[in-house]
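Close look at the chain arrangement
Each chain, written out:
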Amino acid sequence: MTSPDNLPGSPEGGQAPEAAVPAVPEAPVARHGMFGAQDSGDTSGYGGLVVRRAPQISTPRPYGSYFDEIVDALALDDAIERVVVDRGELTLHVKRERLVEVCQKLRDDPALRFELSLGVSGVHYPHLTGEELHAVLHLCSITHNRRVRVEASAPDSDPHIPSTVSVYPGHDWHERETYDFFGIVFDGHPGLTRIMMPDDWDGHPQRKDYPLGGIPVEYRGATIPSPDHRRSYS
Amino acid sequence: MSTAYDEATEGKVYSVNGADWDQVVTGVRDSEEERLVVNMGPQHPSTHGVLRLVLTLDGETVTEARGVIGYLHTGIEKNIEYRTWTQGTTFVTRMDYLSPIFNETAYCLGVEKLLGITDRVPERAQAIRVMMMELNRIASHLVAMGTFGMELGATTPFLFGYRDREMIMDLFEYITGLRMNHAYIRPGGVSVDLPAGAVDKVGEFLKEMPKRIKDIRKLLDENPVYVRRTKDVAYLDLTGCMALGVTGPILRAAGLPWDLRKSQPYCGYETYEFDVATERGCDVYSRYLVRMREMEESLKIVEQALDRIAGPLKGDPVMIEDKKIGWPAQLALGPDGFGNSPDHIAHIMGSSMEALIHHFKLVTEGFRVPAGQAYASIESPKGELGAHVVSDGGTRPYRVHFREPSFCNLQSFPAMAEGGQIADVIAAVASIDPVMGGVDR
């Protein structure tokens, strides 16, 4: 963080940027400044920036398009934590203990018929305390030509999500991949082993806290920092 | 040959290092074990790259088959997280290296969805994308057919397939500058417009290609050896396809006309006239027929796209007219053989400091993408190729996951091969057409 004596004299000091973004007052601050410059005087002007995290959205009814019909036909409102409609896509955030039940109904109910699953993807959000690990399922209904995204989350301390292989047998390799990369343990999977990384690999590489390692170079004792420690705009 | 007793494995282990098959045969004959577990791959000429198949054999019959993958894992999805959104295209293009244009398009459609600019991508760019994708589909199917023939013992289809694919590679090289790994499709459009003469070259290709497809059909369609090796082999019906998430030619060979170009169109596919090829055999031969028909349909689409590019859309922009997203430079091949943009360089170096700053910022920092997630899917030659793209609002992707059709389809290989002959394992894997670069990413 830029030390205040580098900034132009301003009575509000660090308060000024807060007022500049009134549109999302509830959004938590992700970080201050840019390029990760924390030590020396940053004269670029970026040091005073405040970057906010996008708030978690939850869409109220009506959802529009065919989305209301899906949620109505599913009729498992107590299993759904929140519904998000964003960029023309419906996302159902499902309680993990009810995931299999929801998938079963999505597949078998004549009004839903999501026969085709396009697999399980993982996302690691270290800043979402209590729901760091997400398993994301993309389902497609060939009967109705519709799509839905089902998301279940687990905390880092208890990375367990029930396996949906019993509903969608094609999830076998997908869950192994998500386990391999994120460490999400899919309970009930017939053989949850690593699939991409070697069997004796330590850690789960796609997690955000996975150390990337720098490259030791002999240039005045300097080391090239790992990509996640380099200056970045993001 | 060496034999050893390993505590980690069951029974005797034979490892063959050279031409010492006789010793293995003698060893197995004396053994009391009924079952023989054979490792096929990871290095094997007919496994399409580094794929390992673990086959449990009872005589010539495969009683259990397992696929082992991961030998070509390169961490592309992780790498993208430390590059800008535009740089992402250069990574995804290397996934399924036989259909690079599709990887780029799926990724760019995902990014465009996140940016909310899907409708603002110029029509000419969409037409070029469609033309490039369909050319790429033909190239990918030609490799599938060619290697397929070779693996079943016929080398002529292989030579024909690669010879004809070369015409498409030449077109790609002429248009994008590279034979493979083009990074041609970019968020907001395509990187450069077609060079002068490209329309004529594609036109010549369209005249030549139907003959070439007929040649391959003449070789294989009625070939008794080929038909007997492929008919009723590696059977997987619609139920099996649905359960295992199999899409693409395998699904269409099971009778379901499911093609995202028709059912959930993107890039303006709803405005093109073409048919979805289906067959009912659920076997390797049907998959072959579906691929051949798809090549013929692709030619139709290329022709229509080319008419638009050369006709009503001539001279239109190929990149979104949003200065915050579209790169300002329009590269052109210079006399030194390198791509450059002389007018743009004169502008930023000579007359406008602001343009220089803007260019520098856009290229090094990149654009920001509003937070959220999107899933974009397209019909690649292998099936549904989906890009799950997550943004945290920054200049780099937060997470990009590819739903690779090769990965999903390869899972169905045990269902096709178990209970069949070991020779049919080759036909089964070849009919899936897995590309390990896509499977392992």
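Residues numbered from 1 in each chain as written. Chains lettered and ligands numbered in written order. Predicted model: local features only at pLDDT ≥ 70, side-chain atom pairs only at ≥ 80, totals over all residues.

A short note on the overall build of chain A
Of the regular secondary structure elements, chain A holds 4 helices and 11 strands. Counting only residues that meet the buried cut, chain A has 31% of its 234 residues in that class. Here the contacts in chain A between residues at least 6 apart in sequence split such that 52% fall between residues at least 24 apart. (Helix = DSSP H or I, 4+ residues; strand = E, 2+ residues; numbered from the N terminus. Buried ≥ 20, exposed ≤ 12 C-beta atoms within 10 Å, placed from the backbone. Contact = placed C-beta atoms within 7 Å.)

Some details on the overall build of chain B
Assigned secondary structure in chain B consists of 18 helices and 12 strands. Taken over the C-alpha trace, chain B has a radius of gyration of 24 Å; the compact-globule value for 441 residues is 22 Å, and the two agree within 12%. Looking at the 441 residues of chain B, the share that counts as buried comes to 49%. For chain B, restricting intrachain contacts to residue pairs at least 6 apart in sequence, the fraction spanning at least 24 positions comes to 66%. (Rg over C-alpha atoms; globule rule 2.2 N^0.38 Å.)

Some points on the pairing of strand 12 (residues 399–403) of chain B
Residues and elements named next belong to chain B. Burial of strand 12 is extensive: 5 of the 5 residues sit out of reach of the surface. The alternating pattern of strand 12 places Arg399, His401 and Arg403 and Val400 and Phe402 on opposite faces, both of which are buried. Of the strand pairs in this sheet, strand 11 (residues 383–391) and strand 12 are connected by 5 bridges, and their pairing is antiparallel. Note on strand 12: the bridge partner recorded for Gly386 is Arg403. (Pairing = 2+ DSSP bridges.)

Some details on the interface of chain A and chain B
Listed as interface residues are 30 residues of chain A and, on the opposing side, 38 residues of chain B. The set of elements that each furnish at least two residues to the side of chain A that touches chain B consists of strand 5 (116–124), strand 6 (133–141) and helix 4 (171–182) of chain A. For the side of chain A that touches chain B, the leading source of residues is strand 5 of chain A, giving 6 residues.

Comments concerning the sheet that holds strand 4 (residues 52–58) of chain B
Residue and element names in this part refer to chain B. The strand order across the open sheet built from 3 strands is 3-4-5, with neighbouring strands paired in antiparallel fashion. The sheet is open, and its two borders are formed by strand 3 (36–40) and strand 5 (61–68), each paired with just one other strand. The average undirected angle you get between the axes of adjacent strands in this sheet is 20°. Looking at chain direction, strand 4 and strand 5 are connected through 7 bridges and run antiparallel. Across the sheet, residue Leu53 finds its bridge partner in strand 5, namely Gly67. Each of strand 4 and strand 5 touches helix 17 (residues 422–432); the most contacted strand, strand 4, lies at about 150° to it. (Axes fitted to C-alpha atoms, helices over the stretch in contact; angles between N-to-C directions.)

Let's talk about the confidence of the model for chain B
Residue and element names in this part refer to chain B. With 93% of its residues at a pLDDT of 70 or more, chain B shows a mean pLDDT of 86. In the predicted structure, residues 1–5 sits below a pLDDT of 50 and forms 13 contacts with residues beyond four places in sequence or in another chain. If you check the scores for this complex, the pTM reads 0.87 and the ipTM reads 0.84. (pLDDT = per-residue confidence, 0-100.)

Focus: unusual backbone geometry
Residues and elements named next belong to chain A. Of note, the bond from Arg61 into Pro62 is cis; its omega dihedral lies within 30 degrees of zero at -10°. Its location among the elements puts Pro62 in the loop between strand 2 (50–52) and helix 2 (67–74). At Arg113, a residue that is not glycine, the phi angle is positive and equals roughly 50°. The topology assignment puts Arg113 in the loop between helix 3 (99–108) and strand 5. We note that Asn145 has phi near 55°; this positive angle belongs to a residue other than glycine. Here Asn145 lies in the loop between strand 6 and strand 7 (146–154).

Considering the environment of Ala415(B)
All names here are of chain B. Relative to the helices and strands, Ala415 is located in helix 16 (residues 413–417). Between the C-alpha atom of Ala415 and that of Glu64, which follows or precedes it by 351 residues, the distance is 9.4 Å. The contacts of Ala415, once residues within four sequence positions are left out, are Leu236, Gly240 and Leu244.

What to know about the packing of helix 4 (residues 100–115) of chain B against helix 5 (residues 123–151) of chain B
Each packed pair of helices is defined by two parameters, the angle between the axes and the distance between the axes. Residue and element names in this part refer to chain B. Where helix 4 contacts helix 5, the axes come no closer than 8 Å and their chain directions differ by 140°. Judged on the interaxial angle alone, helix 5 and helix 4 are oblique. Of helix 5, the residues touching helix 4 (which contributes Ile101, Phe102 and Thr105) are Arg129, Met132, Met133 and Asn136. For the contact of helix 4 with helix 5, the class distribution of residues is 4 nonpolar, 2 polar and 1 charged. (Parallel < 35°, antiparallel > 145°, perpendicular 65-115°, else oblique. Nonpolar A, V, L, I, M, F, W, Y, C, P; charged D, E, K, R; others polar.)

Description of the environment of Glu104(B)
Residue and element names in this part refer to chain B. Secondary-structure assignment places Glu104 in helix 4. Sequence separation between Glu104 and Ala183 is 79 residues; the distance between their C-alpha atoms is 6.8 Å. Contact partners of Glu104, with chain neighbours within four places excluded, come to Thr89, Val92, Thr93, Ala183, Tyr184 and Ile185.

Quick look at the nonpolar core
Counting residues in hydrophobic clusters, the biggest one holds 161 residues, and the most contacted among them are Ile128(B), Val130(B), Met131(B), Leu236(B) and Ala428(B). Discounting chain neighbours no more than four positions away, the residues touching Leu236(B) are Cys241(B), Val246(B), Ile250(B), Ala254(B), Cys282(B), Ser412(B), Ala415(B) and Met416(B). (Core = buried A, V, L, I, M, F, W, Y, C linked by C-beta atoms within 7 Å.)

Re the confidence of the model for chain A
Across chain A, the average pLDDT comes to 80, with 77% of residues at 70 or higher. Predicted confidence is poor over residues 1–25 of chain A, with pLDDT under 50, and the contacts of this stretch with residues over four places away or in other chains come to 23 contacts.

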